[in-house]
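Inside the fold
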Amino acid sequence: MSSHALLVLFGSQTGSAQDTAERIGRQAQRRHMRVRVEALDSYNVANLISESLVVFVCATTGQGDPPDNMKKFWRFLFRKSLPADSLCRLDCAVLGLGDSSYPKFNFVAKKLHKRLLLLGANMLLPVGLADDQHDLGDPWLISFWQKTLSLYPPPAGLAPLREEEKLPPRYVFHFLDEVPDKQTEHLQTPPTPLQPFPARVVFNQRVTHPSHFQDVRHIELDITGSNIQYSAGDVVMMRPCNAAEDVEQFCQLLKLDPERYFTLTPTDSIPARLPQPCSVRFLVEQFLDISAVPRRSFFEVLATFASNELERDKLLEFSSAQGQDALHSYCNRPRRTALEVLADFPHTTVELSIDYLLDLFPEIQPRSFSIASSLLQHPNRIQILVAVVKYKSMLFKPRKGLCSSWLASLDPSTGDVYVPLWVKKGSLSFPQDPDTPVIMVGPGTGVAPFRSAIQERAAQGKMANVLFFGCRSESKDFYCRSEWEEKVQAGQMILVTAFSRDQVRHFNMIHLQEEKIYVQHRVKEQSKLLWDLIAKKNAFFYIAGSAKQMPASVCDALKEVFQKEGGMSENQAQEMLDAMEKAKRFQSETWS
């Protein structure tokens, strides 16, 4: 093993950057290099001055923001007090993972690269700008290893291990002969990702018409005794469980007894969420992400177990840079799950060693939902609106969203059911001044944070609330209708609706296309009201919902309002919108 050590630090939101960081870690091991792979926020950033070789792998989220697990690191690194030469002994490189269809493509990686240069670091390569749509950083990684191995050569006479050779597993499983005594857990307050609060499901109601294609649930959770406080715009976090039939199939494929217990070694780096001892059921049901679409590294590890020639060739193809289009067609396009892949490669699955489960499967990631209620109207409660994800792909079995399907299955009428959860600050914040009007555009489940805001503001006596709500049909998916009508009657809000499929239908397809009415059309129609509120009364403007065309269409409609009512040019309208965004008077929270 080389005396040189590589540190790979990642900032990852969806798991892509973590997956790439772990791939780099395995590449280092194959080159006989000591390596550590860590999330940026779990690393003590003060130690950076004493590192010699570091690779940063980072994603970009939202509007060019760093991922959640590198926010502390980001704040530290951009402190003005840091000396200009503080990283002068560091050799490092930055690989960004992004999506070139977004305007702020790899913004975080570019900014990090610049900042490291300013702090005196020696950058081994230009910043790597990998694109989810095309390359996964392979050309950049080839250059990185050429440069690194010229500066940090491996021990003489040691050739790199081949890709198909097994690396040692991160952990070794030790099965116990007896079932251990149940541990009693002490709940932390307030709840955290490691110690979430088990909130009882109070109700779980479908709020779309039975004939409507989309099942949307209104779910209420009891947080009595949790010490959770939240305000409008905050989000509730939860980790879903794998479906019982998937757990059963997984255990059958790998010949595992779900009721057996095990411990892991080495003990110093065991994932904090895994109890010791741990049952196979807990591991498979609550920890391993077996129903996610597997990433490239899954096939890299799986290939090392293949002795069947046909299966090995296919797995090696999916692991290679050249095979990424084939992998995309096999996995990503039809949304094939890791569990289904194991079933497709039966000879390899039979040979899989249990010790490699934590190398093969990532941990189930927490999901976030905008809170759709206010503690001022619903004390000790959190309410959410959940669209249940279910659709057909080319595969026989319908595709299901892990978290939304799990939540939809929780039926409080059969006995007490619980959702372990915690709360974190959201990206939306609302004005304190009681006279400042608030304009909210929230089609579909995008209305959730605005229901929270309207309940909170109405309870505080803030009545200047305008909501634009859009859905397909007034009779099928008009969420919270009676509540909005009551609040309009009480003078607590103005409601503007758009029902895209309720217009008169023409047989001519061209007319049919034109006659769909969306929230952006209503924004243009209400130009006088909006201009008065924004230009004369300093209103705040919010958008929440699906990140497809809606946010851009609403922004365009708003700029048309500025041009029409304010006599502005296109450029001036854009400048006004930019100024509002800078002053936090324009905010958006969108999801894909």
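Residues numbered from 1 in each chain as written. Predicted model: local features only at pLDDT ≥ 70, side-chain atom pairs only at ≥ 80, totals over all residues. Heavy atoms only, no water.

**Observations regarding the environment of L256**
- In this structure, L256 sits in the loop between α5 (244–253) and β11 (261–265).
- Between the C-alpha atom of L256 and that of V280, which follows or precedes it by 24 residues, the distance is 7.6 Å.
- Among residues more than four places away in sequence, those in contact with L256 are F175, F250, C251, V280, I354 and L357. (Helix = DSSP H or I, 4+ residues; strand = E, 2+ residues; numbered from the N terminus. Contact = heavy atoms within 4.5 Å.)

**A few points about the UniProt feature "binding site: FAD" (unreviewed entry) in the protein**
- UniProt's entry tags R335, R367, S368, F369, S370, G401, L402, C403, S404 and W591 with the feature "binding site: FAD" (unreviewed entry), counted in the numbering of this structure. Separation in sequence by 257 residues is matched in space for these annotated residues, since their most distant C-alpha atoms are 25.5 Å apart.
- Considering the arrangement of structural elements, one finds R335 in the loop between α9 (324–332) and α10 (338–344).
- Under the relative-accessibility criterion, R335 is labelled partly exposed at 35%.
- Mapped onto the secondary structure, R367 falls in strand β13 (residues 367–370).
- We classify R367 as partly exposed; its relative accessible area is 25%. (UniProt positions renumbered as here; feature names shortened; annotations may be inferred. Buried < 20%, exposed > 50% of the residue type's maximum accessible area, 1.4 Å probe, protein only.)

**What to know about the nonpolar core**
- Within the largest apolar cluster, 44 residues are counted, with the highest numbers of intra-cluster contacts made by F250, L283, L357 and F361.
- The set of elements that each furnish at least two residues to this core consists of α5, β11, α6 (280–287), α7 (296–303), α8 (309–319), α9, α10 and α12 (357–360).
- Excluding its chain neighbours within four sequence positions, the residues that come into contact with F361 are F250, L288, D289, I290, F298, A338 and L342.
- Judged by nonpolar contacts, the second largest core, of 28 residues, contains A539, M550, L577 and F586. (Core = buried A, V, L, I, M, F, W, Y, C linked by side-chain atoms within 4.5 Å.)

**A short note on the side chain of Q587**
- When you line up the elements, Q587 lands in strand β22 (residues 586–591).
- Only 2.8 Å separates the side chain of Q587 from the backbone nitrogen of S429, close enough to count as a polar contact.
- From its side chain, Q587 meets the backbone oxygen of K584 in a polar contact 2.8 Å long.
- Ignoring sequence-local partners within four residues, the contact set of Q587 consists of S427, L428, S429, F540, F541, Y542 and I543. (Polar contact = N/O pair within 3.5 Å; in protein donor to acceptor, adjacent residues only side chain to side chain.)

**Some details on helix α1 (residues 16–30)**
- For α1, with 15 residues, the first-to-last C-alpha span of 21 Å sits near the 21 Å given by 1.5 Å per residue.
- Among the 15 residues in α1, 13 count as buried, and that is most of the element.
- Following α1 by one or two positions, H32 has its phi on the positive side, about 60°. (Expected span 1.5 Å × (residues − 1).)

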